[in-house]
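Inside the fold
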Amino acid sequence: TFDRLLAGRYELQYAWVDEGPRRVWKAFDRLRGHPVVVKGVFARPDSPESKALEAEFRRMLEFRHPIIAEAHDLGWAERVFDDNQLSPIILFTQEWISGPSLRDLRGNISRDDLHACLRDLLEVIAYFHHWHLVSLDIKSVHLIKSHTGWRLIDLDQARKDDPLRTLEAGEAGTLAYV
């Protein structure tokens, strides 16, 4: 276990992703006064993992669209674990979007909701293509049905480089979702 307060500001509520050095938490932002998503990587500042997380944050800032979750803050913190080890973590926060994912609704989604999801997804894909961006990892778990419509919450595998070469090399993305 560890201290539930990150960077003196984010009260961690629960982890969605806990894979190797990567973490994604739902948290409460004491400064903003509302829930946020905190994405973080336990890694050195110059590591490829840190650079990838920072690149995702920058893409979310650069490619603003009503369907894409809004990015808030980027920073560094240290975590103290039970063994008194300090571990640096690069983190960024983004808008918390309340609602079920498309995966959560699998098999229990109305035709109207499915059409709305496809319409919103095609709109954001057209927006990406306008900017010569391809997302290699749009999954049903990354599409959230909110009170305003469907929202995309993850851009970690969005690329401007040669996405097919990236996929074929196995460097990133999920081929089944492209």
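Residues numbered from 1 in each chain as written. Predicted model: local features only at pLDDT ≥ 70, side-chain atom pairs only at ≥ 80, totals over all residues. Heavy atoms only, no water.

Our focus in this paragraph is the pairing of strand β9 (residues 149–152). Where strand β8 (residues 143–146) lies against β9, four bridges are found, and the strand directions are antiparallel. Bridge pairing in β9 links Leu143 to Leu152. (Pairing = 2+ DSSP bridges. Helix = DSSP H or I, 4+ residues; strand = E, 2+ residues; numbered from the N terminus.)

With 20 residues, helix α2 (residues 111–130) ought to run about 28 Å at 1.5 Å a step, and its terminal C-alpha atoms sit 28 Å apart, in line with that. Turning to α2, its buried residues number three or more, namely Ala116, Cys117, Asp120, Leu121, Val124, Tyr127 and Phe128. Along α2, the residues classed as buried sweep out an arc of 130 degrees about the axis, all on the same side. Facing away from the buried side of α2 by more than 90 degrees, the exposed set consists of Arg111, Asp112, Arg119, Leu122 and His130. (Expected span 1.5 Å × (residues − 1). Buried < 20%, exposed > 50% of the residue type's maximum accessible area, 1.4 Å probe, protein only. Arc of directions from axis to C-beta.)

Bringing the pattern of salt bridges into the picture now. One pass over the structure, following the stated rule, counts 15 salt bridges. The partner of Lys145 in a salt bridge is Asp113, with the nearest N and O atoms 2.7 Å apart. Linking Lys145 in strand β8 with Asp113 in helix α2, this pair joins segments that are 32 residues apart in sequence. For the salt bridge of Asp120 with Arg119, the shortest nitrogen-to-oxygen distance reads 3.3 Å. The class for Asp120 is buried, based on a relative accessible area of 8%. (Salt bridge = Lys/Arg side-chain N within 4 Å of Asp/Glu carboxyl O.)

Here we come to the confidence of the model for the chain. Looking at the chain, pLDDT values average 82 and 81% of them are 70 or higher. By mean pLDDT, helix α3 (residues 163–168) is the weakest element of the chain at 53, and β8 is the strongest at 95. (pLDDT = per-residue confidence, 0-100.)

Bringing the pairing of strand β3 (residues 22–29) into the picture now. For a regular strand, the rule is simple: side chains alternate between the two faces of the sheet. The element β3 is extensively covered by neighbouring structure, given that six of its eight residues are classed as buried. Connecting the antiparallel pair strand β2 (residues 10–19) and β3 is a turn made up of two residues, with Gly20 showing a positive phi of about 55 degrees. The pairing of β3 with strand β4 (residues 34–42) spans eight bridges and is antiparallel. Residue pairing across strands places Arg23 opposite Gly40, the latter belonging to β4.

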